[in-house]
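Topology and contacts: notes
Below are the chains, spelled out letter by letter.
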Amino acid sequence: MSGDAAYHRPDQNKIQLLNDIANKLRIHSIESTNASKSGHPTSCASMAEIMSVLFFHTMRYKVTDPRDASSDRFVLSKGHSAPILYAAWAEAGLFPASDLLNLRKIDCDLEGHPTPRLSFVDVATGSLGQGLSCSAGMAYVGKYFDKASYRVYCIMGDGESMEGSVWEAAAFASYYKLDNLVAIIDINRLGQSEPTSLQHNVDVYKARMEAFGWNTIVLDGHDVAELCRAFHDASVAKGKPTCIVAKTYKGRGFSGIEDEENWHGKALGDKAAKTIEEIKSRIQNQGAHGLGPQPVTDDAPTVCCNPKLNEPPNYTLGQKIATRETYGSALVKLYKSCPRVVALDGDTKNSTHSLKLKKVSNENYIECFIAEQNLIGVAVGCGTRHRTIPFASTFACFLTRGFDQIRMAAISQANVKFCGSHCGVSIGEDGPSQMALEDLSMFRSVHGAYVFYPSDAVSMERAVELAANTEGICFIRSSRPATPVIYKNDEVFEVGKAKVVKQSDKDKILIIGAGITLVHAMDAAKELEGAGISARVIDPFTIKPLDQEGIIANAKAAGGKIITVEDHYPEGIFIGY
């Protein structure tokens, strides 16, 4: 069916209603930012018609259940325009419009940038350039896992399109033919401190997106009829994601402010009342507009799985095997009990051993190539609405490249599991560029994150299982060298509980090691024993939370002396504070 044959243009009355809603959204944005004396009303004004058409003509969602599995997803990547997002949901009927006046107040969840503390927000935005990656993850799940009708819409600013992560996401979405994904670039010409580099040169934006393999539509972002047609055309485009390049004006409809510099992030103050009166004069239907979302096609499957190892570890004491290898084995075992376990990697799958899951179920592996920021964002998107349990892996040192994405994932309340392999100086011959010597301190600094540091094959498999069942961000550190199995296959592990691997009543010192250093700690204890000094050895298992009580109790029992043996920079020592 051609786009022309399928398209039914809205009548003039509906077009007027959509224009009226756009202007009401502008008014809400002015009033809410004026009430808080801060915010970004001009950035909201440039996208008013886009929001009106999306929320009251195009999108399918349930106002009564914003996180409904079958509803369309919406990501506001230009998070500073949050007031108009809140206004759209108020106009849709989710909450009273009067609540908008509490914007940015300390006791209100309508913050300056959206977070999932709000029921209608899937991912936190505001650190620019990240929304498209998360949206691509959602779209990937929708197309290849849920095989459902829902679509994903992401609005970006023109300034943020300079971020490299945007183009990583653009390449990813094109490669996987995510035709259920629509990106809208709000090209309002002005950045925060000066005009953007391309200003209104929409042809360059179009050429760039087309070069990345996107179906691209250039239009007047303030023309409701054009927008309605563009979103329809995007819905029937097959084999490619769609990008709508919308030429707009910052502060649209604000006399003396529209398209003027130095109004970014400023409430209108004493100009608000006159501007609102001008906008009201353009609204023909002052009462209830009667428009709402399109009906939802309830075809997203119910997700219910029990992420447990389908069989216990099966190793021999003393057997030498790398924890990175058993990470892959654990993924396979989890998948067999929970088909929604997904592995993502950045072209290191044969080293991290996420390849093992790909060999068992190609559908449960997502190759993100060498684009770690996008890898993380896609993983965050995959985990939204609990549609999958994503495990993202690469060399631990390369995860540092995406620290901002990891930081924002925490704010997003994301349920993502990271595995960083080839950690520390134990990869020696590769040189310092490949050594992760900051990863523990990095993940420890992420609020609410869990940090696992398994030391052998058995503890690695159990770490993966525990991470899958621990809500939130988890980091699992794996090593390249083969290390001996020290735990029995039926050993029980808990988050925050250390393991005493060597002890006696005569211990004079406590040695703490993890991963490759636990092997050295045990060797050192044997050597000390030959010199007549009995040493106790502890494996912390989780670095965060750290078993402080266990460490203190064992330190007291071992003469009050502690040595830590670590494969990390001193700034990241795990019991230093």
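What you see is a predicted model; the values in this text were computed from it and never measured.

Re the overall build of the protein chain
- When helices and strands are tallied, the protein chain shows 20 helices and 18 strands.
- Relative to the compact-globule value of 25 Å for 577 residues, the protein chain shows a C-alpha radius of gyration of 27 Å, a close match.
- Based on the C-alpha atoms only, the size of the protein chain along its principal axes is roughly 90 × 55 × 40 Å.
- Within the protein chain, the proportion of its 577 residues that are buried is 60%.
- Long-range pairs, those at least 24 residues apart, make up 79% of the contacts in the protein chain between residues at least 6 apart in sequence.
- As presented, the protein chain carries roughly 22,100 Å² of accessible surface, and 50% of it is formed by carbon and sulfur atoms.
- The protein chain carries 61 positive and 67 negative side-chain charges, and their two centres are separated by 2 Å.

Some thoughts on the nonpolar core
- Counting 68 residues, the largest nonpolar core has Ile366 and Phe418 as its most contacted members.
- Ranked by residue count, the leading element in this core is helix H6 (residues 131-145), at eight residues.
- If we ignore the near neighbours within four places in the chain, the residues touching Phe418 are Ile376, Ala392, Leu399, Ile406, Phe443, Ile473, Cys474, Phe475 and Ile476.
- Core analysis: the next-biggest nonpolar cluster, separate from the first, contains 54 residues, Met47, Phe74, Ile155 and Ile184 among them.

Section: the packing of aromatic side chains
- Going through the model one piece at a time under the given rule, you end up with 22 aromatic pairs.
- Relative to Phe475, the ring of Phe443 has its centre 4.1 Å away and its plane inclined at 0°; by these criteria the two rings are stacked. In this pair, Phe443 is assigned in helix H17 (residues 439-444) and Phe475 in strand S12 (residues 474-477), connecting sequence segments 32 residues apart.
- A relative accessible area of 0% places Phe443 in the buried class.
- With centroids separated by 5.8 Å and ring planes inclined at 80°, the aromatic side chains of Phe452 and Phe541 adopt a geometry described as edge-to-face.

Here's the deal with the UniProt feature "domain: Transketolase-like pyrimidine-binding" (unreviewed entry) in the protein chain
- The UniProt entry lists residues 321-485 under the feature "domain: Transketolase-like pyrimidine-binding" (unreviewed entry), expressed in the numbering used here.
- Taken end to end, residues 321-485 has its terminal C-alpha atoms 7 Å apart, with 41% of it in helix and 18% in strand.

Let's talk about helix H9 (residues 224-236)
- Here H9 is 13 residues long and its end C-alpha atoms lie 19 Å apart, about the 18 Å a rise of 1.5 Å per residue gives.
- Of the residues making up H9, those classed as buried are Val224, Ala225, Leu227, Cys228, Ala230, Phe231, His232 and Ala234.

As for the environment of Glu163
- Within the fold, Glu163 resides in the loop between strand S2 (152-157) and helix H7 (164-175).
- On the basis of relative accessible area, Glu163 is assigned to the partly exposed category, the value being 38%.
- Glu163 sits 34 residues away from Gly129 along the chain, and the two C-alpha atoms are 5.4 Å apart.
- In this structure Glu163 touches Leu128 and Gly129, once residues within four positions along its chain are discounted.

Regarding empty space enclosed by the protein
- Tallied over the entire structure, the rule returns three cavities of 30 Å³ or more.
- Taken as a whole, the largest cavity spans an internal volume of roughly 160 Å³.
- When residues of the lining of the largest cavity are traced back to their parent elements, those giving at least two are strand S1 (73-76) and helix H5 (82-92).
- If one sorts the elements of the lining of the largest cavity by residue count, S1 sits on top with four residues.
- Of the residues contributing to the lining of the largest cavity, the split by class is 13 nonpolar, two polar and five charged.

A closer look at the domain arrangement of the protein chain
- When the domains of the protein chain are assigned, the result is domain 1 (26-281), domain 2 (319-485) and domain 3 (499-565).
- A separation of 32 Å is found between the C-alpha centroids of domain 1 and domain 2.
- Contact residues are listed per partner, giving 32 residues for domain 1 and 29 residues for domain 2.
- For the domain 1 and domain 2 pair, buried surface summed over both sides reaches about 2,400 Å², with 56% attributable to carbon and sulfur atoms.
- The largest contributions to the domain 1 side of the interface with domain 2 come from Gln130, Phe145 and Glu168, which together make up 23% of the buried area.
- If you look at where domain 1 meets domain 2, you find three salt bridges.
- The shortest N-O distance in the salt bridge between Asp146 and Arg340 comes to 2.7 Å.
- When contributions to the side of domain 1 that touches domain 2 are tallied by element, the ones reaching two or more residues are H6 and H7.
- If you tally residues by element for the side of domain 1 that touches domain 2, the top one is H6, at eight residues.
- Along the lines of polarity and charge, the residues of the side of domain 1 that touches domain 2 split into 15 nonpolar, nine polar and eight charged.

What about the pairing of strand S4 (residues 215-220)?
- Where S4 lies against strand S5 (residues 242-247), six bridges are found, and the strand directions are parallel. Of the residues in S5, the one forming a bridge with Thr216 is Cys243.
- What joins S4 to S5 is H9, and the crossover it makes is right-handed.

Reading the values: rules and limits
- Residues numbered from 1 in each chain as written.
- Predicted model: local features only at pLDDT ≥ 70, side-chain atom pairs only at ≥ 80, totals over all residues.
- Heavy atoms only, no water.
- Helix = DSSP H or I, 4+ residues; strand = E, 2+ residues; numbered from the N terminus.
- Rg over C-alpha atoms; globule rule 2.2 N^0.38 Å.
- Buried < 20%, exposed > 50% of the residue type's maximum accessible area, 1.4 Å probe, protein only.
- Contact = heavy atoms within 4.5 Å.
- Areas by Shrake-Rupley, 256 points an atom, 1.4 Å probe, with all protein chains shown as cover.
- Lys, Arg positive; Asp, Glu negative; His and termini not counted.
- Charge placed at Lys NZ, Arg CZ, Asp CG, Glu CD.
- Core = buried A, V, L, I, M, F, W, Y, C linked by side-chain atoms within 4.5 Å.
- Phe/Tyr/Trp six-rings, centres within 6.5 Å; stacked < 30°, edge-to-face > 60°.
- UniProt positions renumbered as here; feature names shortened; annotations may be inferred.
- Expected span 1.5 Å × (residues − 1).
- 1 Å grid on protein atoms, 1.4 Å probe; cavity = no way out; pocket = protein on both sides within 12 Å on 5 of 7 lines; lining within 4 Å.
- Points joined across faces, edges and corners; volume = space filled by probe spheres on them.
- Nonpolar A, V, L, I, M, F, W, Y, C, P; charged D, E, K, R; others polar.
- Domains from an automatic or database assignment.
- Buried area = accessible area lost by both parts, 1.4 Å probe.
- Salt bridge = Lys/Arg side-chain N within 4 Å of Asp/Glu carboxyl O.
- Pairing = 2+ DSSP bridges.
- Right-handed = clockwise from strand over helix to strand, strands pointing away.

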